[in-house]
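# Examination of the molecular architecture
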Number of protein chains: 2
Amino acid sequence: MVSVSVKDVANLAGVSVGTVSNVLNHPARVAPATVDRVSSAIAKLGFVRNAAASQLRAGLSRSVGLVVLDSANPFFAELARGAEDYAATQGVSVLVGNSGESSAREETYLDLFEEQRVRGILLSPVGDITPRLERLRSRGIATVLVDRHTHNTAFSSVAVDDIAGGKLAAEHLIQLGRKRIAFVGGPLHIRQVSDRLEGARTALRAAGLPDPEILEVPSMSLPAGRDMGQKLAARDPRELPDAVFTANDMLGLGVMQGLLVNTRLRVPEDIALIGYDDIAFAESALVPMSSIRQHAADLGRQAMELLLEESAAADGYTHRQVVTLPSLVVRASTQGR
Amino acid sequence: MVSVSVKDVANLAGVSVGTVSNVLNHPARVAPATVDRVSSAIAKLGFVRNAAASQLRAGLSRSVGLVVLDSANPFFAELARGAEDYAATQGVSVLVGNSGESSAREETYLDLFEEQRVRGILLSPVGDITPRLERLRSRGIATVLVDRHTHNTAFSSVAVDDIAGGKLAAEHLIQLGRKRIAFVGGPLHIRQVSDRLEGARTALRAAGLPDPEILEVPSMSLPAGRDMGQKLAARDPRELPDAVFTANDMLGLGVMQGLLVNTRLRVPEDIALIGYDDIAFAESALVPMSSIRQHAADLGRQAMELLLEESAAADGYTHRQVVTLPSLVVRASTQGR
DNA sequence: AACACAAAATGAATCGTTTCAATCTAAGTG
DNA sequence: CACTTAGATTGAAACGATTCATTTTGTGTT
């Protein structure tokens, strides 16, 4: 368990420790020949900088924290990738924590990141923790919120515009000539669900069409969607909507199963179907399913940009709330009649 | 950006810095009344230990690194959760890095962890990097390998026994009375694929049945499975297998689609179907699909146990290769005829 | 009241790096 | 050749916690 320090490197290279440090951190200040000599000493000894000592003296860490609500969720996985990729270009590494929607775990990670004196934190918060964020700020740790539209302009945030997404989906269905559109989602008090519904409603009204029929489901899962699909399939055909917009893809895939299996209904001929999120399975469904894509990687990149910008800025930084627009992905489930 | 140090806490509590440190790290050595006084000073000042300083002096970090091949893959997500949960009980935090199968990114994370002087590293390696592991060890950083059966007894490892999994699947099919079993998977040079096939073959031979028909596919994806399913459905019924075992669930779901959509075939009546991995969608498939579950969280927990044990042990630690057995999950796709 | 002994508290030294004022070197100028 | 100046290098101080040999305090015994 040998430990090689800058001192050892300095000895071997025949320079002072200050020079070694400069080679590591400000190579331009050092004569090229010296850089070479020090570099090869580093290589020969297998020197690896001790991050703890470096950070202690320099005061600033090379890492930022990221706390996600659910690391298994592809949305967050993609977001993390986007954030990491951008951070990497800035020589910053990302420590990822998974709160799993638990406030306690969220707290634990924030504590950890605070001890580590990270440069900043990207957070998809479990609940409202403004006090905690203010404490972090008073310690010089910037925080950018992800995936929640905060009207709190005291913090920067990034979010996807769910209302616009709902509008996009409904407009697409309207353009196909569909007139009786149903919305499947729930519970309705969840912000994402109600926003997506609101967007759809707005689009329908703008087109002079009646409000969507709201089919509330107990959860955003495939079985819940399948149950609703089967209920629809059992209806008198004259009572059927001619298009269904589901609040996420799991529901959409479920509805598709319910509509198609052991019935005479066809998608999209009888009912057009569009989901939300564009998960990998949407493309491989029985009938490839149209969806709304959120560009999570972009979101992650933008969030990281804001974070690094803020952490480098002086006091009095003007915080920004970035809202990104989702886009429409058209597949067979909404094509042709 | 105020910074509170042990010194400030010591002043307020009217004790020395050494005592504050003892309250933080060895409370039993300090009189209860003093612990209280120091604790309330900590609370009042909002003191948070500087991890860099602590680690620099104490020499050992409270974190371990985890590098996974693909953080979006549910197997690794679950594994990470298991590892983190156990680590948390030991007061250790986990830094997760995603190599995305890229050697370069893997290297970057190992460098980072080495700088951080983590206690140990849990690694699902991209390629063979024994030299790198030996360098880490010479620095006192233990490494446990995940998800690859190393015959290299110089390192501890955990892995799932894919041969046993294949055997489990085939034995289940045999017990159902199926006699003509096909295997769908590929490319065959992938270890997981060939192991699962080998397990199936072993079970068939033991039962006195012919070797499985091998249906090689170009990738382990749903569309590849669907193509194969459609090819099967187009066969003369007398040429059909009476059971199909796929090397993973994506293929299984695809085969199911290909077999069922626009054909007269039924699952399981005509063809029983079993997948591998037990992903969330297996349960929600058209016909809920039987599968082999790998217990990734357990695997993660065991790997972390090994890692912490080794990192706490003296030199000459005896490394262990743990192989866990997967289990059978029976659903509708293999029940009834 | 003197002594012994354990428990509690002290504080200077230390970890390995970065910083920065001071020093040295070499090339350029009049 | 003396002098200036920019560039290169030096090395001691500092970051904030932990450690541990030493001192202080407190309790019980004779």
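Residues numbered from 1 in each chain as written. Chains lettered and ligands numbered in written order. Predicted model: local features only at pLDDT ≥ 70, side-chain atom pairs only at ≥ 80, totals over all residues. Heavy atoms only, no water.

So, on to the relation of the copies chain A and chain B. Relating the two copies of this chain is a rotation about some axis coupled with a shift parallel to it. Relative to chain B, chain A is turned by 180 degrees and slid 0.0 Å along the rotation axis, the superposed coordinates differing by an RMSD of 0.0 Å. Look at the turn and shift together and you get a two-fold axis relating the two. No C-alpha of chain A approaches the rotation axis more nearly than that of alanine 52 of chain A, which lies at 2.2 Å. Of the residues that chain A buries at the interface, 100% are likewise interface residues in chain B, meaning the two copies contact each other through the same surface. (Least-squares fit on C-alpha atoms with pLDDT ≥ 70 in both. Contact = heavy atoms within 4.5 Å.)

Residue and element names in this part refer to chain A. Domain boundaries in chain A define domain 1 (6-49), domain 2 (61-160 + 296-325) and domain 3 (162-294). For domain 2 and domain 3, the distance between their C-alpha centroids amounts to 32 Å. On the domain 3 side, the residues contacting the six residues of domain 2 number five residues. Between domain 2 and domain 3 the total buried area reaches about 510 Å² when both faces are included, carbon and sulfur atoms providing 44% of it. Our enumeration of links across domain 2 and domain 3 arrives at zero salt bridges. At the boundary of domain 2 with domain 3, the tally comes to two residue pairs in polar contact (both at pLDDT 80 or more). When grouped by side-chain class, the residues that make up the side of domain 2 that touches domain 3 number four nonpolar, one polar and one charged. (Domains from an automatic or database assignment. Buried area = accessible area lost by both parts, 1.4 Å probe. Salt bridge = Lys/Arg side-chain N within 4 Å of Asp/Glu carboxyl O. Polar contact = N/O pair within 3.5 Å; in protein donor to acceptor, adjacent residues only side chain to side chain. Nonpolar A, V, L, I, M, F, W, Y, C, P; charged D, E, K, R; others polar.)

Right, let's get into helix H6 (residues 103-115) of chain A. A rise of 1.5 Å per residue sets the reference length of H6 of chain A, with its 13 residues, at 18 Å; its end C-alpha atoms lie 18 Å apart and thus fit the reference within 8%. Within the sequence span of H6 of chain A, burial applies to Glu106, Tyr109, Leu110, Leu112, Phe113 and Glu114 of chain A. Here the buried face of H6 of chain A lies against strand E1 (63-68), strand E2 (93-98), strand E3 (120-123) and helix H7 (130-138) of chain A together with helix H5 (74-89) and strand E2 (93-98) of chain B. (Helix = DSSP H or I, 4+ residues; strand = E, 2+ residues; numbered from the N terminus. Expected span 1.5 Å × (residues − 1). Buried < 20%, exposed > 50% of the residue type's maximum accessible area, 1.4 Å probe, protein only.)

What follows deals with the interface of chain A and chain B. Interface size is commonly expressed as the accessible area that is lost once the parts come together. Listed per partner, the contact involves 45 residues of chain A and 45 residues of chain B. Of the roughly 3,800 Å² buried where chain A meets chain B, counting both sides, 54% is carbon and sulfur surface. Area buried by chain A at its contact with chain B is led by Val48, Glu115 and Phe281 of chain A, which between them contribute 16% of it. Connecting chain A to chain B are six salt bridges. Scanning the region where chain A abuts chain B turns up 20 residue pairs in polar contact (both at pLDDT 80 or more). Sorting the residues of the side of chain A that touches chain B by element identifies helix H4 (51-58), helix H5 (74-89), E2, H6, H7, helix H10 (222-233) and helix H11 (249-260) of chain A as the ones contributing at least two each. Of the residues assigned to the side of chain A that touches chain B, the class counts are 24 nonpolar, 11 polar and 10 charged.

Taken together, 22 residues lie around DNA strand C, and Val6 of chain A together with Ser16, Thr19, Thr34 and Arg57 of chain B are the ones closest in. Per the 4 Å cut-off to the protein, sugar and phosphate atoms form 66% of the nearby atoms of DNA strand C. Arginine 49 of chain A places a polar side-chain atom, nitrogen or oxygen, 3.3 Å from a phosphate oxygen of DNA strand C. Between a base oxygen of DNA strand C and a side-chain N or O atom of arginine 57 of chain A, the distance comes to 3.4 Å. Elements that contribute at least two residues to the surface near DNA strand C include exactly helix H2 (17-25) and H4 of chain A together with helix H2 (17-25) and helix H4 (51-58) of chain B. The element contributing the most residues to the surface near DNA strand C is H2 of chain A, with four residues. (Near = heavy atom within 4 Å.)

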